[in-house]
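Chain and residue survey
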Amino acid sequence: MTYNLNRNFHPHAAEGVPGRDWFYPLSGWLLKAFVGLDEDAPGTLLFATKSKSLWRNAVAVAIATGALDRPESFLLRANGELDECGSQSSRAQFALAIQNMKPQQIVEAALNEVPPSLCGSLKKIGWEVLSTPDAYRRLIEMLGSKTAEGRTRRRVLEQINDCRLTDDLLQIIECLDLAILTPVTATHISTAGDAHRLNARLKGIRKMCSSASDAALRDSADAMGSQFNSRQFAQSWLSKADRLEPLGIPLDHDPDIVRINGVSSETIGRRFRNCLSSYSREMAAGTSAFCVIESLSVVIVLRLTDAGWLLSGVHTHRNGPVSRTVLQAVQQRISSLGVLCLLPVRPNSLVAGAFSRFDDLDFGFEGMGGDDG
C-alpha cells in the first residue's frame, strides 16, 4: 500500500529536491501509523510525505519503541510538560510536536538512552524504511549493546557507508558468524537466508577441516576482498577437508584401505594420474567415498544408498581398464568389510574407466568391466 500526495511524484527523479519537486511514497506499517495520526491532527500525513528520510526514520524509531502507546511520556521528554487542559488529545499533541522537532530530538524523546551512532544508521536506511517496527528495535539494541559480540557487530554496521541499510543487511550483520563478519562480507551476501546457509556450512567446515581456525577463516575471507562469494568460499574450504566422517563399516579400520580426503586427493591424483582432486567437494558431502586399496593399487568409489555403501567404481592408473581378476579381488576384499558389491551382468564387457561427474554416475559402475589382461 502506497500513498501519493503529488502528481509530480517520482521516487527515482534524477533532478529536483525531495519534498519540493517530488515526494517519496510512504508504505506499510509506517504509512498506517501516519494515517492514524492524520485523523488526530489533519495535515500530519502530508507533512510526513514531504519530510526528509532521516525525519521519517526518527519517527519510525519513536513509534516502534511505543511512543503512540504512551505519548505523554514522549511529550514530557520533548517539551518538559503536557497540556492536560487543552482540547487536543495526547496523540494529536504528539503529531504536532514531531512536526516541529529535528530527528535527533525525536529519538532523544523516544529513548531513555540514545546510541551515539543511531542517527548515522538511520541515514543509511534512506527513504524505504525498515519493514517492521521490530527491525528498528533490533537496530537500537545492536547499536547500544555492551557485550563484546554486540560491539563487534555494531562496528561492522558503523563501517558500512557505501550501501543502504536494508532489512536483509541488518539481519546479515546480526547473524553472520563473527569469524568472517566484516563490512565486505556483509555487503557481498545477498540475503539473510544466504547468511544462515553459510553459517551452517561453516559448522561443517570447522568439523571437517583441521586448519579452519577463526583466524584462518577470516584471512581466507579477507583474501577474497570485494570478490567475496559465500558459495565459492565454502567450496574452497571443503576442498581442504581432512577429517571426514567415518563410513560406519569395518572398512574404516582396515590399514590397507586409505580413505581419500580433500587434502590428500591432489597427491593421490598425481600418483594415479587422474582427476581425483576435482572431487574434493563430493568427498566432503558424505554421500560418496573414495579410497585407495594399496595392495591392489586401485582407487575405489563408494556411494551411499538406503541399503548401505555400494561399490560404484574401480579405477587404476590413468583410468585404464581394470582386469576381471583385480575386480574380483576388490569385491572379495571389501564385501567382507561391509560394502555392497554388484558386478555387471556381462563381466567380460569392457566399461569405460574414466571418472565422470557424480550427477552422471547413476550406478553406471565405471571401470568395473573385465579383461583377462
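Above this text you will find the structure in question.
Okay, so let's go over this structure. Just so we're clear, the structure is a prediction, and the values are computed from it rather than from any experiment.

1. Here we look at the environment of Lys207
- Tracing the backbone shows Lys207 in helix 12 (residues 192–208).
- Taking the C-alpha atoms as reference points, Lys207 and Asp242, separated by 35 residues in sequence, lie 9.4 Å from one another.
- Lys207 has contacts with Arg243 and Glu245, leaving out every residue within four places of it along the chain.

2. Digging into the pattern of salt bridges
- One pass over the full model with this rule turns up 16 salt bridges.
- Residue Arg137 is joined to Asp134 by a salt bridge in which the shortest nitrogen-to-oxygen separation is 3.9 Å. Taken together, the residues Arg137 and Asp134, both in helix 8 (residues 133–143) and three residues apart, mark about one turn of the helix.
- With its nearest N and O atoms 3.1 Å apart, the salt bridge here joins Arg333 to Asp256. With Arg333 in helix 17 (residues 324–335) and Asp256 in the loop between helix 14 (230–238) and strand 3 (257–259), this residue pair connects regions lying 77 residues apart in the sequence.
- In the salt-bridge network here, residues are joined through shared partners; they are Asp134, Arg137, Arg138 and Glu174.

3. Structural notes on the sheet that holds strand 3
- Taken in spatial order, the four strands line up as 3-4-5-6 in an open sheet, and their pairing is antiparallel. Sheet topology places strand 3 and strand 6 (308–315) at the edges, where each strand pairs with a single neighbour. Direction aside, neighbouring strands of the sheet carry axes that sit 30 degrees apart on average.
- Summarising the sheet, strand 3 and strand 4 (residues 288–293) pair through three bridges and their orientation is antiparallel.

4. Considering unusual backbone geometry
- At Arg273, a position not held by glycine, the phi torsion is positive, near 55 degrees.
- Within the secondary structure layout, Arg273 lies in the loop between helix 15 (262–272) and helix 16 (280–285).
- Positive phi values are uncommon outside glycine, yet Asn319 reaches one of about 55 degrees.
- Among the secondary structure elements, Asn319 is positioned in the loop between strand 6 and helix 17.

5. A short note on the packing of helix 1 (residues 28–40) against helix 3 (residues 53–64)
- Contact pair helix 1 / helix 3: the axes reach a minimum separation of 11 Å and the direction vectors enclose 80 degrees. The orientation of helix 1 with respect to helix 3, classified from their angle, is roughly perpendicular. When helix 1 is examined against helix 3, the residues Trp29, Leu30, Ala33 and Phe34 are found in contact with a partner set consisting of Trp55, Arg56, Val59, Ala60, Ile63 and Ala64.
- Here the residues of the contact of helix 1 with helix 3 are counted per class, giving nine nonpolar, no polar and one charged.

6. As for the packing of helix 1 against helix 5 (residues 90–99)
- At a minimum axis separation of 8 Å, helix 1 and helix 5 run at an interaxial angle of 110 degrees. The pairing of helix 1 with helix 5 is recorded here as roughly perpendicular in orientation. Contacts between helix 1 and helix 5 involve Phe34, Gly36, Leu37 and Asp40 from the former and Arg91, Ala92, Phe94, Ala95 and Ile98 from the latter.
- Of the residues assigned to the contact of helix 1 with helix 5, the class counts are six nonpolar, one polar and two charged.

7. Here's the deal with the packing of aromatic side chains
- Evaluation of the coordinates by the stated rule reveals six aromatic pairs.
- Measuring from centroid to centroid gives 5.9 Å for Trp29 and Tyr136, while their planes differ by 65 degrees, and the two rings are edge-to-face. One end of the pair, Trp29, is in helix 1; the other, Tyr136, is in helix 8, and 107 residues separate them in sequence. As far as burial versus exposure is concerned, Trp29 and Tyr136 are alike and both buried.
- Relative to Phe290, the ring of Tyr279 has its centre 5.6 Å away and its plane inclined at 45 degrees; by these criteria the two rings are tilted. One end of the pair, Tyr279, is in the loop between helix 15 and helix 16; the other, Phe290, is in strand 4, and eleven residues separate them in sequence.
- For Tyr279, a relative accessible area of 2% translates into the label buried.

The rules behind the values
Note that residues are indexed from 1 along each chain, following the sequence as it is written. Residues qualify for local features only when their pLDDT is at least 70, as the model is predicted, and side-chain atom pairs are given and counted only at 80 or more; totals for whole chains, interfaces and linings, by contrast, use all residues. Values shown for side chains rest on all heavy atoms present in the structure; no hydrogens or waters enter the calculation. Helix numbering and strand numbering both begin at the N terminus, where a helix is a DSSP run of H or I of at least 4 residues and a strand a DSSP run of E of at least 2. Any two residues whose heavy atoms approach within 4.5 Å at even a single point are treated as in contact. Take a side-chain nitrogen of Lys or Arg and a carboxyl oxygen of Asp or Glu: if they are within 4 Å of each other, that pair is a salt bridge. Between any two strands, pairing holds if DSSP finds at least two bridges. For helices, the fitted line uses only the C-alpha atoms of the stretch in contact; every axis is such a line through C-alpha atoms, and the angle between N-to-C directions lies from 0 to 180 degrees. We call two directions roughly parallel when the angle between them is under 35 degrees, roughly antiparallel when it is over 145, roughly perpendicular when it lies between 65 and 115, and oblique otherwise. Charged residues are taken to be Asp, Glu, Lys and Arg, nonpolar residues to be Ala, Val, Leu, Ile, Met, Phe, Trp, Tyr, Cys and Pro, and polar residues to be all remaining types, Gly included. Two rings from Phe, Tyr or Trp (for Trp, the six-membered ring) form a pair when their centres are within 6.5 Å of each other. A pair whose planes differ by under 30 degrees is stacked, one over 60 is edge-to-face, and the rest are tilted. A 1.4 Å probe rolled over the protein chains alone gives each residue an accessible area, and that area as a share of the maximum for its type sets the label: buried under 20%, exposed over 50%, partly exposed in between.

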